[in-house]
Amino acid sequence: MTASSSAVIPIFAHHHLPIKLTHINFPSWRTHLCALLNGFSLIGHIDGTTPSPDATTAPDAYLRWFKQDQLLLAAILGSVSAEILPIISAASTAAD
């Protein structure tokens, strides 16, 4: 299943992203995150190559994109340490 299918891909931080981001392990955490997102063809939510569809002209596509993006954001937020969370908690999309 890839992001191009109509199904939203669930990502679970405790299962898919077991490495918690701290102030000293960004390179290994980033490598793990990118490998996961590339494997599910979801890296575009992070690097901007999968932009949000227009909610007015393509509401179904937008809703799928929004749900997937929010699941990714939740997984990212769940994969960071308590000391990092306040720094990124204002993010509203996975790319933020």
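**Student:** Describe the overall build of the chain, with residues and values.
**Tutor:** Summing up its helical and strand segments, the chain has 5 helices and 0 strands in all. In the chain, the succession of α and β elements from N to C terminus is α-α-α-α-α. Relative to a compact globule of 96 residues, whose C-alpha radius of gyration would be 12 Å, the chain shows 13 Å and is just as compact. Principal-axis analysis of the C-alpha atoms places the extent of the chain at approximately 45 × 25 × 20 Å. Taking contacts inside the chain between residues at least 6 apart in sequence as the whole, the part at least 24 apart equals 57%. Put simply, the chain shows about 5700 Å² of open surface, and 63% of that area lies on carbon and sulfur atoms. Across the chain, 4 positive and 6 negative side-chain charges occur, with their mean positions spaced 8 Å apart.

**Student:** Summarise the nonpolar core; cite the residues concerned and give the values.
**Tutor:** Membership of the largest hydrophobic core comes to 16 residues, with the highest contact counts inside it found for I11, W29, L33, L37, L42 and L72. When contributions to this core are tallied by element, the ones reaching two or more residues are α2 (26–39) and α4 (59–78). For this core, the leading source of residues is α2, giving 4 residues. Discounting chain neighbours no more than four positions away, the residues touching L72 are I11, L37, L42, H45 and A94.

**Student:** Hey, could you go over unusual backbone geometry for me, with residue numbers and the actual values?
**Tutor:** Its identity as a non-glycine residue notwithstanding, S41 has a phi of 55°, on the positive side. Residue placement: S41 occurs in the loop between α2 and α3 (44–47). Taking the relative accessible area as the measure of exposure, S41 reaches 39% and is therefore partly exposed.

**Student:** Lay out the packing of aromatic side chains with the relevant residues and their values.
**Tutor:** Summed over all chains, the structure comprises 3 aromatic pairs. Seen from their ring centres, F26 and W29 are 6.2 Å apart, and the 35° between their planes marks the pair as tilted. Taken together, the residues span about one helical turn, with F26 and W29 both in helix α2 at a distance of 3 residues. According to the relative accessible area criterion, F26 is partly exposed, its value standing at 43%. Their ring planes at 20° and their centres at 5.9 Å tell us that Y62 and F66 sit as a pair that is stacked. Note that Y62 and F66 are positioned in helix α4 at a spacing of 4 residues, about one turn of the helix. An aromatic cluster of at least three residues, connected via ring pairs, comprises Y62, W65 and F66.

**Student:** Which residues make up α2, and what values do they have?
**Tutor:** Taking 1.5 Å as the rise per residue, α2 with 14 residues should run 20 Å; its terminal C-alpha atoms sit 20 Å apart, in good agreement. Looking only at α2, the buried set comprises W29, L33, L36 and L37. The buried residues of α2 all sit within an arc of 95° when viewed along its axis, so they share a single face. The exposed residues of α2 that point more than 90 degrees off its buried face are P27, T31, A35 and G39. Lining the buried residues of α2 we find α1 (13–16), α3 and α4. Residue S41 follows α2 closely and has a positive phi angle near 55°.

The rules we used
- Residues numbered from 1 in each chain as written.
- Predicted model: local features only at pLDDT ≥ 70, side-chain atom pairs only at ≥ 80, totals over all residues.
- Heavy atoms only, no water.
- Helix = DSSP H or I, 4+ residues; strand = E, 2+ residues; numbered from the N terminus.
- Rg over C-alpha atoms; globule rule 2.2 N^0.38 Å.
- Contact = heavy atoms within 4.5 Å.
- Areas by Shrake-Rupley, 256 points an atom, 1.4 Å probe, with all protein chains shown as cover.
- Lys, Arg positive; Asp, Glu negative; His and termini not counted.
- Charge placed at Lys NZ, Arg CZ, Asp CG, Glu CD.
- Core = buried A, V, L, I, M, F, W, Y, C linked by side-chain atoms within 4.5 Å.
- Buried < 20%, exposed > 50% of the residue type's maximum accessible area, 1.4 Å probe, protein only.
- Phe/Tyr/Trp six-rings, centres within 6.5 Å; stacked < 30°, edge-to-face > 60°.
- Expected span 1.5 Å × (residues − 1).
- Arc of directions from axis to C-beta.

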